[in-house]
Amino acid sequence: MTPTLLAHGVGGRGDLPVPFALAVTAAALAIVVSFVALVLLWREPRVHGSRAGRPLPARLAAGLDSQVFRWILRICGIAGTTLITLASWEGPDDALNPTAGTVYVLFWVGLLVVASLIFGPVWRQLNPLRTLHLLTCGAVGRDPSSALVNRSLRYPRWLGYWPAAAWLLAFVWLELVAPNRDTTATLRWWFATYAVVTLIGAFTCGSGWFSRADGFEVYSTFVGRLSILGRRDDGVLVVRSSLAGLDSFPIRAGVAAI
């Protein structure tokens, strides 16, 4: 008999250590009390992310902002993506293949959530597609912020974050609903489609496509606003309250969908 290895180790609601009705009631009360407390006790803004925080030591800030450190992160992003791509093509399509675990655990949870909460929007620097776009524009002598063919083209403001919301919905569908979602073939097709569409958008509208339409980068950026590491409006890297970052949250089309 062949053993079955599940992708997730979370049991059903019957495995809860407390009665299900009690768990639901406690969760609902926690949400209601939290919102009531915010409405009644926090009527005026008390955080100002644009100028909040204590500056990092000069040498540490200079190191984090240096091109050397940024390129180290970009190379790590390219290397990691290359390794997992090779594993999806050359490795066995079974539980021993690291592709599904890397995508659903290390990437989706570890990088986009945990690492972003601690260090800020890390995927912006690690994003291999952004790096590929940057290298291509450098090779042909074009500004990454402008379109590769028609420089007058820009990302439409009316689109807002809707493309990113669509990609996040597509990925959640892949993780939770799609048949054979842990097979290498399914993951290869999904990410190949994502990479092609994202690069076409970046080459058509410039690097602004990543910060508005790339679901993973937008998600990392949104989560990263809760990090204690941030940047004030004057460009200074600071340590601040995690709530201060939410004060500067952008209000654009598609934010609620994200």
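Every value quoted in this text rests on a predicted model; they were computed, and no experiment measured them.

The rules we used
All residue numbers refer to position in the chain's written sequence, counted from 1. Two thresholds apply to this predicted model, a pLDDT of at least 70 for residue-level local features and 80 or more for giving and counting side-chain atom pairs, whereas whole-chain, interface and lining totals are computed over all residues. As a rule here, side-chain values come from all non-hydrogen atoms in the structure, and water together with hydrogens is ignored. Centres within 6.5 Å are what make two rings of Phe, Tyr or Trp a pair, Trp counting through its six-membered ring; a difference in plane orientation under 30 degrees is then read as stacked, over 60 as edge-to-face, and the rest as tilted. Counting from the N terminus, the helices are the DSSP runs of H or I reaching at least four residues and the strands are the DSSP runs of E reaching at least two. Only protein chains enter the accessibility calculation, which uses a 1.4 Å probe; a residue whose area is less than 20% of its type maximum is buried, one above 50% is exposed, and one in between is partly exposed. Only when the NZ atom of a Lys or the CZ atom of an Arg is both within 6 Å of the ring centre and within 35 degrees of the ring normal do we say a charge sits over the ring. A 1.4 Å probe that fits but cannot get out identifies a cavity on a 1 Å grid over protein atoms alone, an open set with protein on both sides within 12 Å along at least five of seven lines counts as a pocket, and a residue lines either if it has an atom within 4 Å of a point. Grid points are joined across faces, edges and corners, and a volume is the space filled by probe spheres set on the points. In this count, Pro and Cys sit with the nonpolar residues alongside Ala, Val, Leu, Ile, Met, Phe, Trp and Tyr, while Asp, Glu, Lys and Arg are called charged and the others, Gly among them, polar. Definition of nonpolar core: a set of buried residues of the types Ala, Val, Leu, Ile, Met, Phe, Trp, Tyr and Cys, connected through side-chain atoms within 4.5 Å. Residues count as neighbours in contact if any of their non-hydrogen atoms are within 4.5 Å of one another. By definition, two strands form a pair when at least two bridges between them are found by DSSP. Structural elements are reduced to axes, namely lines fitted to C-alpha atoms, with helices fitted over the stretch in contact, and the angle between N-to-C directions of any two is expressed from 0 to 180 degrees. In these notes the angle categories are as follows: under 35 degrees is roughly parallel, over 145 is roughly antiparallel, 65 to 115 is roughly perpendicular, and the rest is oblique. Note on convention: the crossing is left-handed when the near helix lies turned anticlockwise from the far helix by less than a right angle, right-handed when the turn is clockwise. The score called pLDDT rates the predictor's confidence residue by residue, from a low of 0 to a high of 100.

Chemist: I would appreciate a short explanation of the packing of aromatic side chains in the present structure.
Modeler: The geometry of two aromatic rings is summed up by the distance between their centres and the angle between their planes. Counted according to the given criterion, the structure contains 19 aromatic pairs. Ring centres of F171 and F216 lie 5.3 Å apart, and the angle between their planes is 85°; on these two criteria the pair is classed as edge-to-face. Residue F171 is found in helix α7 (residues 162-176), and its partner F216 is found in helix α10 (residues 215-224); the two are separated by 45 residues along the sequence. F216 sits in the buried class, given a relative accessible area of 3%. Directly above the aromatic system of W71 lies the positively charged group of R74, at a separation of 4.7 Å from the ring centroid. Directly above the ring of W89 sits R188, whose terminal nitrogen or CZ lies 4.1 Å from the centroid.

Chemist: When you look at the layout of surface pockets in this model, what are you seeing that I'm missing?
Modeler: Where empty space is left can be seen by rolling a probe of water-molecule size over the atoms. Of the pockets and cavities examined, the largest pocket occupies roughly 1100 Å³. In this structure, the largest pocket is lined by 30 residues; those nearest its centre are F119, G120, P121, R124 and R231. Elements that contribute at least two residues to the lining of the largest pocket include exactly α2 (58-65), α3 (67-90), α5 (123-126), α9 (208-213), α10, β2 (229-231) and β3 (237-239). Of the residues that constitute the lining of the largest pocket, the class distribution is 15 nonpolar, 7 polar and 8 charged. Computed from the structure, the second largest pocket encloses a volume of approximately 800 Å³. Lining the second largest pocket are 29 residues, and of these T81, I84, T85, P128 and F191 sit closest to its centre. Going through the elements one at a time, α3, α4 (99-119), α5, α6 (128-140) and α8 (184-205) are the ones with two or more residues in the lining of the second largest pocket. With 9 residues, α3 is the largest single contributor of residues to the lining of the second largest pocket.

Chemist: Just to check I follow, could you spell out the nonpolar core for this structure?
Modeler: A general feature of soluble globular proteins is that nonpolar side chains tend to end up buried together. Within the largest apolar cluster, 28 residues are counted, with the highest numbers of intra-cluster contacts made by Y104, F171, L174, W190 and F216. Taken together, the elements giving at least two residues each to this core come down to α4, α5, α7, α8 and α9. Apart from the residues within four sequence positions on either side, Y104 is in contact with V109, F171, L174, E175, R181 and L187.

Chemist: Would you take a moment to explain unusual backbone geometry for this structure?
Modeler: Comment: phi is negative for the bulk of residues other than glycine, and the bulk of peptide bonds are trans. One non-glycine residue, N180, lies in positive phi territory at about 55°. For N180, the position within the fold is in the loop between α7 and α8. Among the residues examined, N180 registers a relative accessible area of 53% and is labelled exposed.

Chemist: Quick question: what am I supposed to make of the sheet that holds β2 here?
Modeler: The strands making up a sheet are joined through hydrogen bonds of the backbone, oriented either antiparallel or parallel. The sheet built from 3 strands is open, its strands ordered β1-β3-β2 with antiparallel pairing. Both outer strands of the open sheet, β1 (54-55) and β2, are each paired with one neighbouring strand and no more. As defined by bridge partners, β1 adjoins β3 across 2 bridges and the pair is classed as antiparallel. Looking at the pairing, R54 lines up with V239 of β3.

Chemist: So what exactly am I meant to see when it comes to the environment of S207 here?
Modeler: Structurally, S207 is set in the loop between α8 and α9. A relative accessible area of 17% means that S207 is categorised as buried. Sequence spacing of S207 and A79 is 128 residues, and the spatial spacing of their C-alpha atoms is 21 Å. Setting aside its immediate chain neighbours within four residues, S207 contacts R130, H133, P144, S145 and A202.

Chemist: Just checking my understanding: could you explain the packing of α3 against α6 for this structure?
Modeler: Helix-helix packing is described using two parameters, namely the angle between the two axes and the distance between the axes. At a closest axis distance of 9 Å, the pairing of α3 and α6 adopts a crossing angle of 115°. For the element pair α3 / α6, the angle class is roughly perpendicular. For the pair α3 and α6, the sense of crossing is left-handed. In this structure, α3 contributes W71, R74, G77, I78 and T81 to the contact, and α6 contributes P128, T131, L134 and L135. Here the contact of α3 with α6 is built from residues that sort into 5 nonpolar, 3 polar and 1 charged.

Chemist: I would appreciate a short explanation of the confidence of the model for the protein in the present structure.
Modeler: Detail in the predicted coordinates should be disregarded across regions flagged by low pLDDT. Here the protein averages 85 in pLDDT, and 92% of its residues register 70 or above. The weakest mean pLDDT in the protein belongs to helix α11 (residues 242-247) at 76; the strongest belongs to α7 at 93. The low-confidence segment residues 8-12, where pLDDT is below 50, has 1 contact with residues more than four positions distant or belonging to other chains.

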